[in-house]
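Spelled out, the chains give:
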Amino acid sequence: MSKRVDNPQAFGRVAVLMGGAAAEREISLKSGKAVLQALLNRGVDAVGLDVGARPLAPLLGADFDRVFNIIHGRGGEDGVLQGALEALGLPYTGSGVLASALAMDKLRTKLCWIGAGLPTPRWMLLRSEADLTICAETLNFPVIVKPAEEGSSIGMSRAENSAELLEAWRRASQYNCAVFAETWVTGAEYTAAVLDGEPLPLIRLETPNTFYDFDAKYRAATTRYHCPCGLLPETESKLRELAVRACATVGVTGWGRVDLLVDGVGEPWLIEVNTVPGMTDHSLVPMAARTAGLDFDALVWRILETSFDPRR
């Protein structure tokens, strides 16, 4: 467990890093503004910093005691920023260098889970157009195609035939990272937030879209969030334990969010883990926290406490 703090002065001066230069920049800015306001509400000496491709620039020569990192995606969530902050001697929220780098790469996360005997859907790396035929024969349709290092479902699409697979591969290939196809799992979609090693209540996601894509996450009014999720307590408890194991396997500390699917026969399948989840009005971690009795300001405070975590 991280150090518990009662006095806002114990945090010192806090830099809330938001924005960044990744595809999730706009979401990060929304998250950052909400986090900043929550800290100010609780009396923390916090300063919001909208950073671009050089997130360290506003920190150099400034008198900050720690960082609340709310930069989503590459450059903020992938271990790069974490390593730089450690070199500067600045404590920060969330996971360390190794866990951040692993979790940002969906493929390497899956390899870790497979090695630990945790369930994750079958997949295939798509290095070139030549791999598409093999993919269709190996995984069968439908599949979902993903860029390995993007969040918020950016660049992801479902393919039900060879023509759609080609289109999906081309779309995902625009993001300058590895692309892979994953067996489509038909079933209910859940997300499990983990705060300082403890799982929060599960949320069941329901959308009329093909899957819980960027539009369903941030724009659509038709997305439904069920928290409590409706599962039997014993079943939910097992899924929450699985989420904790999924985080621990990759080395996630502080806070995170695990996305998973449960198929038609009740088997769970781990999809990915986010080490800097969204904190907007549509975001899932605040929703789960509310069900657990933590309002938004209290949740942000708890996350900031993880900047004292010595386990990295």
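Nothing here was measured: the structure is a model prediction, and the numbers come from that model.

## Points about the packing of aromatic side chains
Consideration 1: Tallied over the entire structure, the rule returns two aromatic pairs.
Consideration 2: Ring geometry for F11 against W301: centres 4.9 Å apart, planes inclined by 80 degrees, an arrangement best described as edge-to-face. One end of the pair, F11, is in the segment before strand 1 (13-19); the other, W301, is in helix 10 (residues 296-305), and 290 residues separate them in sequence. As far as the burial class goes, F11 and W301 line up, both buried.
Consideration 3: Ring geometry for F11 and F308: centres 6.0 Å apart, planes at 40 degrees, overall tilted. Within this pair, whereas F11 is found in the segment before strand 1, its partner F308 is found in the segment after helix 10, the two being separated by 297 residues in sequence.
Consideration 4: In this structure, K3 packs its charged tip against the face of F308, placed 4.7 Å from the ring centre.
Consideration 5: One cation-aromatic arrangement involves R13 over F64; the distance from NZ or CZ to the ring centre is 4.5 Å.

## A short note on the domain arrangement of the protein chain
Consideration 1: What the domain assignment reports for the protein chain is domain 1 (8-93 + 297-307), domain 2 (103-119 + 186-293) and domain 3 (123-183).
Consideration 2: Relative to domain 3, the C-alpha centre of domain 2 lies at a distance of 22 Å.

## What about the pattern of salt bridges?
Consideration 1: Applying the stated criterion to the full structure yields 12 salt bridges.
Consideration 2: The partner of E182 in a salt bridge is K146, with the nearest N and O atoms 2.8 Å apart. Highlighted residues: E182 in strand 7 (residues 179-183) and K146 in strand 5 (residues 143-147), separated in sequence by 36 residues.
Consideration 3: Each of R4, R302 and E305 takes part in one network of salt bridges that share partners.

## Examining the UniProt feature "active site" (unreviewed entry) in the protein chain
Consideration 1: If you check UniProt for "active site" (unreviewed entry), the listed places come out as E24, S152 and S283 in our numbering.
Consideration 2: Within the secondary structure layout, E24 lies in the loop between strand 1 and helix 1 (25-41).
Consideration 3: Assessed through its relative accessible area of 7%, S283 is described here as buried.
Consideration 4: Within the local environment of S283, its side chain forms a polar contact with the backbone oxygen of G278, the two atoms lying 3.2 Å apart.

## Side note on the sheet that holds strand 6 (residues 157-159)
Consideration 1: One open sheet accounts for four strands, arranged 4-7-5-6; its pairing is antiparallel. Whereas interior strands pair on both sides, the edge strands pair on one side only; in this sheet they are strand 4 (123-125) and strand 6. Sheet twist, expressed as the mean angle between neighbouring strand axes with direction ignored, is 25 degrees.
Consideration 2: Sheet topology places strand 5 next to strand 6; three bridges connect them, and they run antiparallel.

## Comments concerning the pairing of strand 1
Consideration 1: Across the seven residues that make up strand 1, a large majority, six, are buried.
Consideration 2: As paired strands, strand 1 and strand 2 (residues 45-51) are joined by seven bridges and run parallel to one another. Directly across from L17, in strand 2, lies its bridge partner L49.
Consideration 3: With helix 1 bridging strand 1 and the parallel strand 2, this β-α-β connection has right-handed handedness.

## Some points on the packing of helix 4 (residues 106-115) against helix 8 (residues 233-250)
Consideration 1: Between helix 4 and helix 8, whose axes approach to 9 Å, the crossing angle comes to 110 degrees. By the angle class used here, helix 4 and helix 8 are roughly perpendicular. Between helix 4, through T109, C112 and W113, and helix 8, the contact on the second element is made entirely by A246, T249 and V250.
Consideration 2: Broken down by class, the residue content of the contact of helix 4 with helix 8 amounts to four nonpolar, two polar and no charged.

## Some details on the state of the cysteines
In a disulfide, the sulfur atoms of two cysteines are covalently bonded to one another.
Consideration 1: All chains considered together, the criterion is met by zero disulfides.
Consideration 2: Unpaired in this structure, C135 has its nearest cysteine sulfur neighbour in C177, at a distance of 16 Å.
Consideration 3: Relative accessible area serves as the criterion here: at 0%, C135 is assigned to the buried category.
Consideration 4: For the unlinked cysteine C247, the closest cysteine sulfur is that of C112, found at 12 Å.
Consideration 5: Overall, the relative accessible area of 3% leaves C247 in the buried class.

Thresholds applied
Residues numbered from 1 in each chain as written. Predicted model: local features only at pLDDT ≥ 70, side-chain atom pairs only at ≥ 80, totals over all residues. Heavy atoms only, no water. Phe/Tyr/Trp six-rings, centres within 6.5 Å; stacked < 30°, edge-to-face > 60°. Helix = DSSP H or I, 4+ residues; strand = E, 2+ residues; numbered from the N terminus. Buried < 20%, exposed > 50% of the residue type's maximum accessible area, 1.4 Å probe, protein only. Lys NZ or Arg CZ within 6 Å of the ring centre and 35° of its normal. Domains from an automatic or database assignment. Salt bridge = Lys/Arg side-chain N within 4 Å of Asp/Glu carboxyl O. UniProt positions renumbered as here; feature names shortened; annotations may be inferred. Polar contact = N/O pair within 3.5 Å; in protein donor to acceptor, adjacent residues only side chain to side chain. Pairing = 2+ DSSP bridges. Axes fitted to C-alpha atoms, helices over the stretch in contact; angles between N-to-C directions. Right-handed = clockwise from strand over helix to strand, strands pointing away. Parallel < 35°, antiparallel > 145°, perpendicular 65-115°, else oblique. Contact = heavy atoms within 4.5 Å. Nonpolar A, V, L, I, M, F, W, Y, C, P; charged D, E, K, R; others polar. Disulfide = S-S within 2.5 Å.

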